[in-house]
Amino acid sequence: MKVKLWGTRGSIPAPGPETIRYGGNTSCVGVTLSDGSMLALDAGTGIRCLGLALPDEPARLHILLTHLHLDHIQGLVFFAPAFRPQTEIVIWGPASPEASLRDRIARYISAPLSPVEVRELPCDVSFRHCPESEWEIGSARIRAASVTHRGPTLGYRIDDGDSSLAYIPDHEPALGADLAQMDEDWISGFALARDASLLIHDGQYTDAEYPCHVGWGHSATSHALSFARRTGAERTLLFHHDPLHSDDQLDELGAAAQQQWVELGGDPGTLELAVERSEVELPARAAKAAAAV
Amino acid sequence: MTQRPLELILARNLMSALSTPAFLVDEGGLLVFYNEAAGMLLGKRFEELGTVGPQEWGSLFGPFDENGEPIPYDELPLVTAVRGGRPAHAELTVRSTDGTHHEVEVSAFPIQTPHGSQGAIAVFWPTANGNGAEPA
Ligand SMILES: [Zn+2]
Ligand SMILES: [Zn+2]
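None of these values were measured; they are calculated from a predicted model.

Trainee: Even after reading the chapter, I still don't get the overall build of chain A, so can you show me in this structure?
Mentor: Within chain A, the regular secondary structure consists of 6 helices and 14 strands. Here the C-alpha radius of gyration of chain A, 18 Å, is about what a compact globule of 293 residues would show, namely 19 Å. Along the longest, intermediate and shortest principal axes, the C-alpha atoms of chain A span 55 × 45 × 40 Å. Split into buried and exposed, the 293 residues of chain A put 56% on the buried side. Pairs at least 24 residues apart make up 68% of the contacts formed inside chain A by residues separated by at least 6 positions. Counting every atom, chain A has about 11,900 Å² of accessible surface; 53% of that belongs to carbon and sulfur. Taking the 23 positively charged and 40 negatively charged side chains of chain A as two groups, their mean positions are separated by 4 Å.

Trainee: How do you make sense of the confidence of the model for chain A when you look at a structure like this?
Mentor: When pLDDT is averaged across chain A, the result is 95; 97% of the residues are at 70 or more. Taken together, the stretch residues 287-293 of chain A has pLDDT below 50 and engages in 3 contacts with residues farther than four places along the chain or on a different chain.

Trainee: Whenever I open this one, the coordination of the zinc ion (ligand 2) confuses me. Can you help?
Mentor: Note on metal geometry: ideal angles are 109.5 degrees for four donors arranged tetrahedrally and 90 or 180 degrees for six donors arranged octahedrally. Residue and element names in this part refer to chain A. Surrounding the zinc ion (ligand 2) are the protein donor atoms His67 (NE2), His69 (ND1), His149 (NE2) and Asp170 (OD), which sit 2.1 to 2.5 Å from the metal. In this structure, the zinc ion (ligand 2) is coordinated by 4 donor atoms arranged in irregular fashion, with angles at the metal of 90 to 172°. A distance of 3.4 Å spans the gap from the zinc ion (ligand 2) to the zinc ion (ligand 1), which Asp170 bridges by coordinating each metal. Overall, the relative accessible area of 1% leaves His67 in the buried class.

Trainee: What should I look at first to understand the interface of chain A and chain B in this one?
Mentor: Bring the parts together and some accessible area is lost; that lost area is often taken as the interface size. On the side of chain B, 13 residues touch chain A, which itself brings 17 residues to the contact. The largest share of the area that chain A buries against chain B comes from Glu132(A), Asp185(A) and Trp186(A), three residues that together contribute 47% of it. Put simply, chain A and chain B have 1 salt bridge between them. With a shortest N-O distance of 3.2 Å, Asp185(A) and Arg4(B) are connected by a salt bridge. Between chain A and chain B we count 5 residue pairs in polar contact (both at pLDDT 80 or more) in total.

Trainee: I tried to follow the pairing of strand 1 (residues 2-7) of chain A on my own but got confused; where do I start?
Mentor: Residue and element names in this part refer to chain A. Two elements, strand 1 and strand 2 (residues 28-32), share 5 bridges in a ladder whose sense is antiparallel. Opposite Val3, over in strand 2, you have Val31 as the bridge partner. Pairing geometry for strand 1 and strand 14 (residues 279-281), over 3 bridges, is antiparallel. Among the inter-strand pairings, Lys4 is bridged to a residue of strand 14, identified as Glu279.

Trainee: Explanation requested: helix 1 (residues 6-16) of chain B in the structure shown.
Mentor: At 3.6 residues per turn, the α-helix brings residues three or four places apart onto the same side. Three or more residues of helix 1 of chain B are buried, namely Leu6(B), Leu8(B), Ile9(B), Ala11(B), Arg12(B), Asn13(B) and Met15(B). In this structure, the buried side of helix 1 of chain B is in contact with strand 8 (140-146) of chain A together with strand 1 (22-26), strand 2 (31-34), helix 3 (46-49), strand 4 (101-113) and strand 5 (116-126) of chain B.

Trainee: Can you walk me through the pairing of strand 1 of chain B in this structure?
Mentor: Every other side chain in a regular strand lies on the same face of the sheet, so the side chains alternate between the two faces. All names here are of chain B. Most of strand 1 is tucked away: 5 of the 5 residues are buried. Of the two faces of strand 1, both are covered, the one formed by Ala22, Leu24 and Asp26 as well as the one formed by Phe23 and Val25. Inspection of the sheet shows strand 1 paired to strand 5 by 5 bridges, in the antiparallel sense. Bridging from a neighbouring strand, Val25 pairs with Ala120 of strand 5.

Trainee: When you look at the environment of Ser16(B) in this model, what are you seeing that I'm missing?
Mentor: Residues and elements named next belong to chain B. Mapped onto the elements, Ser16 comes out in helix 1. The exposure class of Ser16 is partly exposed, given its relative accessible area of 39%. Ser16 sits 79 residues away from Arg95 along the chain, and the two C-alpha atoms are 22 Å apart. Those residues within four positions of Ser16 in sequence are excluded, and the remaining contacts are Phe33 and Asn35. Within the structure, Ser16 has its side chain in polar contact with the backbone oxygen of Arg12 (distance 2.6 Å).

Trainee: Sorry, what's going on with the sheet that holds strand 7 (residues 135-137) of chain A here?
Mentor: Backbone hydrogen bonds hold the strands of a sheet together, and the pairing may be parallel or antiparallel. Residues and elements named next belong to chain A. Across the sheet, 7 strands lie side by side as 7-8-9-10-11-12-13; this open sheet has mixed pairing. Each edge of the open sheet carries a strand with a single partner, namely strand 7 and strand 13 (271-273). Adjacent strand axes in the sheet meet at a mean angle of 20°, parallel and antiparallel pairs treated alike. Seen against the sheet, helix 5 (residues 247-263) touches strand 12 (236-239) and strand 13 and runs at an angle of roughly 165° to strand 13.

Trainee: Any chance you could explain empty space enclosed by the protein here in plain terms?
Mentor: Residue and element names in this part refer to chain B. In this structure the tally under the stated criterion is 2 cavities of 30 Å³ or more. Roughly 130 Å³ of internal volume is contained in the largest cavity. What lines the largest cavity is a set of 14 residues, and nearest its centre among them are Phe23, Trp57, Leu76, Leu78 and Phe124. Elements supplying a minimum of two residues to the lining of the largest cavity: strand 1, helix 5 (77-84) and strand 5. Ranked by the residues each element gives to the lining of the largest cavity, the list is headed by helix 5, at 3 residues. Classifying every residue of the lining of the second largest cavity by side-chain character gives 9 nonpolar, no polar and no charged.

Trainee: I'm lost on the coordination of the zinc ion (ligand 1) in this one. Help?
Mentor: Residues and elements named next belong to chain A. Only Asp71 (OD), His72 (NE2), Asp170 (OD) and His240 (NE2) from the protein reach the zinc ion (ligand 1) as donors, at distances of 2.1 to 2.2 Å. Bound by 4 donor atoms, the zinc ion (ligand 1) shows angles of 91 to 168° at the metal and therefore irregular coordination geometry. Spacing between the donor residues of the zinc ion (ligand 1) along the chain follows D-H-x97-D-x69-H.

What counts, and at which threshold
Residues numbered from 1 in each chain as written. Chains lettered and ligands numbered in written order. Predicted model: local features only at pLDDT ≥ 70, side-chain atom pairs only at ≥ 80, totals over all residues. Heavy atoms only, no water. Helix = DSSP H or I, 4+ residues; strand = E, 2+ residues; numbered from the N terminus. Rg over C-alpha atoms; globule rule 2.2 N^0.38 Å. Buried < 20%, exposed > 50% of the residue type's maximum accessible area, 1.4 Å probe, protein only. Contact = heavy atoms within 4.5 Å. Areas by Shrake-Rupley, 256 points an atom, 1.4 Å probe, with all protein chains shown as cover. Lys, Arg positive; Asp, Glu negative; His and termini not counted. Charge placed at Lys NZ, Arg CZ, Asp CG, Glu CD. pLDDT = per-residue confidence, 0-100. Donors = N, O, S within 2.8 Å, 3.2 Å for Na, K, Ca; no water. Tetrahedral: all angles 85-135°; square planar, octahedral: opposite > 155°, others 65-115°. Buried area = accessible area lost by both parts, 1.4 Å probe. Salt bridge = Lys/Arg side-chain N within 4 Å of Asp/Glu carboxyl O. Polar contact = N/O pair within 3.5 Å; in protein donor to acceptor, adjacent residues only side chain to side chain. Pairing = 2+ DSSP bridges. Axes fitted to C-alpha atoms, helices over the stretch in contact; angles between N-to-C directions. 1 Å grid on protein atoms, 1.4 Å probe; cavity = no way out; pocket = protein on both sides within 12 Å on 5 of 7 lines; lining within 4 Å. Points joined across faces, edges and corners; volume = space filled by probe spheres on them. Nonpolar A, V, L, I, M, F, W, Y, C, P; charged D, E, K, R; others polar.

Here you go:
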């Protein structure tokens, strides 16, 4: 499984010289499965460049949306493959009692917010509510579960062979809960992230900023680290960077996070801040063991 | 490990922050949490007791009807809320671990989710003529 980060920013795009290293595009992670199937996790502005990097040939793509906040869907109408008739796109997302996934997305992909309507997209697009139980896409088993955020929001787990990716970009598991004390089965998102090869998790606020943002649906550094340690994820990327955080501020956040991580007993090499355009290859466990010898 | 549904997790988190005695059962009617205020009423913190089945719950705390008869677990407002999928209300007496009886009013409501009923919450209010503790 190959993972590429096309957008690591949260809330709103933050382009400019201050954010050039960590990136300004909003949430989008490209995943190439071991059988070659392509997934996009979220469709923030990062998906535009993911689309430009894909070959212009008949293809089937799956877009897995965690939720419909604008920073996770804004790139949809600028996703080049959506304008190719030979492309089939399946968009997965959370169900809501209020309206179908298609109708809720169409509120954004429609006038006056968008120059095109969903029905005008040249590609073959379909919308599916994520099932409660695990399902398969290509060589992967996919699981979606509701997590603590604002409004219906999912986290995903993708198991391909022996490697696994947990993607929980918008998550406030510490809201009203002490993550260090709470039993595992009572922690939001825990089963998704348990022993994952790679955890991509919300790390929007510093611990000092969090008290002014309680209940906004995001994590402080220490919450993300506590969650990562409890779940036993092998490697963690702090994601969904606050748009107000410059590269220099993120360097500071990263250094503070690293210190806390080590204090919690974490291996310093297993925690990083997510960087736009960076890639992670998740080899099968057998290959990992061989490499470690 | 079975992950609890998010709605139950959020309910527990909210209840932990309340000073009204509150109880939580899962979709099978099993008591899975009560808060500190409820612990003060019962004389035992949830962390000390843990998840308990109907039999143990009944022998520890009652509850009892106005004639002092034990109310079967299946007839408690919490259980009718989760099984019947509708709110339930009752006046009953609970016995705390020190033997004190508390008359309380109980309101319970089901936790409905897109996937059906995932459990129920009950809140306890000491009745005006209750002989037990002050409202917590
Ligand atoms: Zn977001
Ligand atoms: Zn969001």
